[in-house]
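Topology and contacts: notes
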Amino acid sequence: MCRHLGYLGPPVAVGDVLTRGEHSLRTQSWAPRDMRRGGTINADGFGVAWWTPQEGATRYRNPAPIWTDPAVDEVLPQLRSTSVLAAVRSATVGMPVERSACAPFVDGRWAFSHNGVIPDWRRVLPAVAQEFGADLTEAESATDSAALWVILHAALSAEESGPGGKVRSTGVRHRRTLARVVRRVLDQAPDARLNLLLGDGENLWATSVYHSLSVLAVDDSVVVASEPYDDHPRWQPIPDRQLVSVSPRRLHIESLDDHDFADSCERALT
């Protein structure tokens, strides 16, 4: 069902994010530890997005297995960024294996990945899209993940075009928008698996719905990942049906099932 990872902190080599640790994201492409009956390997492509102050989100994608691409060791390590979002793909049966189907999906400063599946997505997502004013013909590929990104992007754009525009569009609003989209999909498809990862170069947001998710907060950096890439003792497993928000030196975890997020907890990263 895919594996993904997001990094936020001091500048790091983009290629290093894909290969760091004895259980790196690249290793997870052929030896994942916790797919939860969502496939066995992640060999249907990969992608990585990184941010630069001048250009917003830039990405590189390949529909081939990550271990076959020399750019991972020869080109991507030469690029540096303070924020990276990467994914390896396990295509759902019946969905195309093509470059345009590989996460991350990007637009402007946004980058997005989906680890999971939406059963009967061609029936489910049009109803959700209508609520958020999204046009599913804009999807890059005929996949549930690409269509879900169109919906989420429309919801984020509507949020920023509302009263006050970007000035009023805070991190709180972004995470509430993400939670709202997830809940609407679950209303239509309760069995959907919706581990989402969203970044804007300065923040990361992630959800845990069925699939595994962990966070590593150490010194002045944080990693959000489907699986830990090493045995560092500060990896924190995230329970199911949670929303994780990360900004510089701040981690916020709250329940997706609580409309008001009354049970949320927040702590400073040390």
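To start, this report covers the structure provided alongside it. These numbers come from a predicted model, not from an experiment. Position numbers for residues start from 1 in each chain and track the written sequence from start to end. Where totals are concerned, whole chains, interfaces and linings use all residues; where local detail is concerned, this predicted model gives features only for residues with pLDDT of at least 70, and gives and counts side-chain atom pairs only at 80 or more. By convention in this description, side-chain values take in all heavy atoms of the structure and omit both hydrogens and water.

Helix and strand labels come from DSSP, where a helix needs a run of H or I of at least four residues and a strand needs a run of E of at least two; each type is numbered from the N terminus. Of regular secondary structure, the protein possesses 6 helices and 14 strands. In this description the radius of gyration comes from C-alpha coordinates, and the expected globular size is given by 2.2 Å times residues to the power 0.38. For 270 residues, the compact-globule estimate of 2.2 N^0.38 gives 18 Å, and the protein sits close to it at 17 Å. Principal-axis analysis of the C-alpha atoms places the extent of the protein at approximately 45 × 45 × 35 Å. Residue burial is assigned from relative accessible area. The probe radius is 1.4 Å, only protein chains are included, and a residue is buried under 20% of its type maximum, exposed over 50%, and partly exposed in between. For the protein, with 270 residues in total, the buried portion stands at 57%. For the protein, restricting intrachain contacts to residue pairs at least 6 apart in sequence, the fraction spanning at least 24 positions comes to 64%. Taking the average place of the 28 positive charges on the side chains of the protein and the average place of its 34 negative ones, the gap between the two points comes to 2 Å. The contact definition used throughout considers only heavy atoms, calling two residues in contact when any of these lie within 4.5 Å. Neither His nor the chain termini are counted; the positive set is Lys and Arg, and the negative set is Asp and Glu. In plain terms, the charge of a residue is placed at NZ if it is Lys, CZ if Arg, CG if Asp and CD if Glu.

This part is about the sheet that holds strand β10 (residues 221-225). In this analysis, strands are considered paired if DSSP registers two or more bridges between them. Read across the sheet, 7 strands follow the order β3-β2-β4-β1-β10-β9-β11 without closing on themselves; strand pairing throughout is antiparallel. Only two strands of the sheet have a single neighbouring strand rather than two, namely β3 (56-62) and β11 (235-237). When the angles between neighbouring strand axes are averaged without regard to direction, this sheet yields 15°. Both strand β1 (residues 3-13) and β10 contribute to a ladder of 4 bridges, which runs antiparallel. When the sheet's bridge partners are listed, L8 is paired in β10 with V222. Lines fitted to the C-alpha atoms define the axes, with helices restricted to the stretch that makes contact. Angles between their N-to-C directions range from 0 to 180 degrees.

What follows covers helix α5 (residues 144-160). Between the first and last residue of a helix there are one fewer steps than residues, each counted as 1.5 Å, and that sum is the expected span. For α5, built from 17 residues, the straight-helix expectation of 24 Å at 1.5 Å per residue is met to within 8% by its first-to-last C-alpha distance of 24 Å. Taking burial as the measure, the 17 residues of α5 include 14 buried ones, the bulk of the element.

To continue, consider the packing of helix α4 (residues 121-132) against α5. Between α4 and α5, whose axes approach to 9 Å, the crossing angle comes to 10°. Classified by the angle their axes make, α4 and α5 are roughly parallel. From α4, W121, L125, V128, A129 and F132 reach across to α5, where they touch D144, A147, L148, I151, A154 and A155. Residues of the contact of α4 with α5, tallied by class, amount to 10 nonpolar, no polar and 1 charged. If an angle is under 35 degrees, it is roughly parallel; if it is over 145, roughly antiparallel; if it lies from 65 to 115, roughly perpendicular; otherwise it is oblique. For this classification, Asp, Glu, Lys and Arg are treated as charged, while Ala, Val, Leu, Ile, Met, Phe, Trp, Tyr, Cys and Pro are nonpolar and the rest, including Gly, are polar.

This paragraph deals with the nonpolar core. Buried residues of nine kinds, namely Ala, Val, Leu, Ile, Met, Phe, Trp, Tyr and Cys, make up a nonpolar core once their side-chain atoms join them within 4.5 Å. Core analysis: the largest hydrophobic core is formed by 39 residues, its most contacted members being I118 and L194. Those elements giving two or more residues to this core turn out to be β6 (110-117), α4, α5, α6 (171-188) and β7 (193-199). Contact partners of I118, with chain neighbours within four places excluded, come to V124, L125, D144, L148, V185, A189, A192 and L194.

Here we come to the environment of D73. Relative to the helices and strands, D73 resides in helix α3 (residues 71-74). Between the C-alpha atom of D73 and that of T177, which follows or precedes it by 104 residues, the distance is 37 Å. If we ignore the near neighbours within four places in the chain, the residues touching D73 are T19 and R26.

Where nonpolar side chains cluster on the molecular surface, the patch consists of W30, I41 and W67 and spans about 320 Å² of accessible area. Position of W67 relative to the elements: it lies in the loop between β3 and α3. Residue classification places W67 among the partly exposed positions, given a relative accessible area of 40%. Think of a patch as exposed residues, more than 30% relative accessible area, with no salt bridge, where like charges cluster within 9 Å and nonpolar side chains (Val, Leu, Ile, Met, Phe, Trp, Tyr) cluster within 5 Å. Areas reported here follow the Shrake-Rupley algorithm with a probe of radius 1.4 Å; residue values treat only the protein chains shown as occluding. Here a salt bridge means any side-chain nitrogen of Lys or Arg lying within 4 Å of a carboxyl oxygen belonging to Asp or Glu.

Given two aromatic rings, their pairing is described by the distance between the two centres and the angle made by the two planes. What counts as a ring pair is set by centres within 6.5 Å for rings of Phe, Tyr and Trp (its six-membered ring), and what kind of pair is set by the plane angle: stacked under 30 degrees, edge-to-face over 60, tilted for all other angles. As enumerated under the stated definition, the model contains 5 aromatic pairs in all. Ring centres of W30 and W67 lie 5.8 Å apart, and the angle between their planes is 80°; on these two criteria the pair is classed as edge-to-face. Separated by 37 residues along the polypeptide, W30 in the loop between α2 (25-28) and β2 (46-52) and W67 in the loop between β3 and α3 bring together distant segments of the chain. What makes W30 partly exposed here is its relative accessible area of 44%. Our definition puts a charge over a ring when NZ of Lys or CZ of Arg is within 6 Å of the ring centre and also within 35 degrees of the ring normal. Positioned over the ring face of Y210 is R193, at 4.2 Å from the centre of the ring.

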